[in-house]
Amino acid sequence: MDARKLILLVGALVVAAITAFMARNIFMGASAPTAGAAPVAAAPQNTTEVMVATRALPVGTILDATSVKFVAWPKELIEGAYFVKGESEPGKLQGTVVRFAIPAGQPITQGALVKPGDRGFLAAALGAGMRAVTVPVSTQSAVAGFVFPGDRVDLVLTQSVAGGGDGPPLKASETILRNLRVLATDQKTDKQSDDKGNTVVTTYSTVTVEATPKIAEKIAVAQTVGQLSLSLRSIADNQGDLEQAIANGDVEVPADGDPAKEKEMMARVAARPMEGRGGFATGADVSRFQRSTVPGKPKDNNGTTTGTYPGAAAVKKGPVINVARGNSVTEIEVGGKN
């Protein structure tokens, strides 16, 4: 082997050795991956927690515990009308009414709310186009005082339906209106609580509900027809009413399937009072000794209605003549038998 080939071979071995040595140092020097906790976000600086709306609050909304929450807000953007944590508590605002619409996530200002007892509270609580109607009730007809402002009730009418003279009148009750929102009981527009925060149940003689102008007229007439009673609704009833409204075509379901539009539709259906024919019950449904139909008019031997029951007008049969026999006068129909 000549000297040139020997030098090239030695050089190649040296380069290979150096490359292997460097590669070994690289792999040995790399540290194994270690698990570490994710960095904790630093608390925002120069902020203060203020009360904001958890959802869009339209005009007339009565606030509850789920309507508001506290979030961090830059101090330089805080106005004097904001509700600041430590100075205001959400529980004290329950039962207040939104006077101006508040978008979701926006701070709530003191001027945007009307407290119970303030001037204009009831007008602010009414939705657009709605009316406030007062209904007289008793302890028995008002669920023993367990109906409070903000609850939803059905209105039940109980009456006696007079008919003919063959028996007592028909006793009947029917649900005439559904899903009415209670605005006030007597002159109280919020729940009354004791020193421990427990709700105080008291009796009252009137209940003010929210209604459309047409429903308000029906309530006024119903008070003259019979006795009105309140039936407290469950919060789970709205789903069944929504399905019925969709089936009847009373509401239009968004065709594009937009969740926001569907949610708005459901809220609109849940908030509206409903008319239409509801269920009913007669005296025969609770007692076998009561009637199930309106009493009929009495009939004579020929099956003809006589119209002689109390308060009824005589039924005219046609031309008649009066035949006198001594002191007795008999009325005979022309063409009839004497």
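See the structure shown above.
Notes on the structure in this doc start here.

Rules behind the numbers
Note on numbering: residues in each chain are counted from 1, in written sequence order. Owing to the predicted nature of the model, reporting of local features is limited to residues with pLDDT of at least 70; listing and counting of side-chain atom pairs is limited to 80 or more, with chain, interface and lining totals taken over all residues. With hydrogens and water stripped out, all remaining heavy atoms of the structure feed into the side-chain values. A 1.4 Å probe rolled over the protein chains alone gives each residue an accessible area, and that area as a share of the maximum for its type sets the label: buried under 20%, exposed over 50%, partly exposed in between. Here a helix means four or more residues in a row that DSSP labels H or I, a strand means two or more in a row labelled E, and each is numbered from the N terminus. Strands are labelled as partners when DSSP assigns at least two bridges between them. Salt bridges are counted wherever a side-chain nitrogen of Lys or Arg sits within 4 Å of a carboxyl oxygen of Asp or Glu. The length a helix should cover is 1.5 Å for every residue beyond the first. What the arc covers is the set of directions going from the helix axis to the C-beta atoms. In this description, contact between two residues means that some pair of their heavy atoms is separated by no more than 4.5 Å.

1. Regarding the pairing of strand β8 (residues 206-211)
Moving on, step 1. Within β8, five of the six residues are buried, which leaves it mostly tucked inside the rest of the structure.
Moving on, step 2. Here four bridges tie strand β7 (residues 170-185) to β8, and the two strands are oriented antiparallel to one another. The residue of β8 that forms the bridge with Ala-184 is Thr-208.

2. As for the pattern of salt bridges
Moving on, step 1. Summed over the entire model, instances satisfying the criterion amount to six salt bridges.
Moving on, step 2. Note that Arg-233 and Asp-154 form a salt bridge whose closest N and O atoms lie 2.9 Å from each other. Here Arg-233 is found in the loop between β9 (227-232) and α4 (237-248), whereas its partner Asp-154 is found in strand β6 (residues 152-161), with 79 residues between them in sequence.
Moving on, step 3. The class for Arg-233 is buried, based on a relative accessible area of 11%.
Moving on, step 4. In this structure, the salt-bridge partner of Glu-210 is Arg-181, at a minimum N-O distance of 3.1 Å. Note that Glu-210 is positioned in strand β8 and Arg-181 in strand β7, a separation of 29 residues in sequence.
Moving on, step 5. You can call Arg-181 buried: its relative accessible area is 10%.

3. A few points about helix α3 (residues 213-225)
Moving on, step 1. The terminal C-alpha atoms of α3, which comprises 13 residues, lie 19 Å apart, in line with the 18 Å expected from a rise of 1.5 Å per residue.
Moving on, step 2. Looking at α3, one finds that the buried residues are Ile-215, Ala-216, Ile-219 and Ala-222. Buried residues of α3, viewed axially, fall in a sector of 120 degrees; they line one side. Facing away from the buried side of α3 by more than 90 degrees, the exposed set consists of Val-221 and Thr-224.
Moving on, step 3. Next to the buried residues of α3 lie β5 (131-136), β6, β7, β8 and β9.

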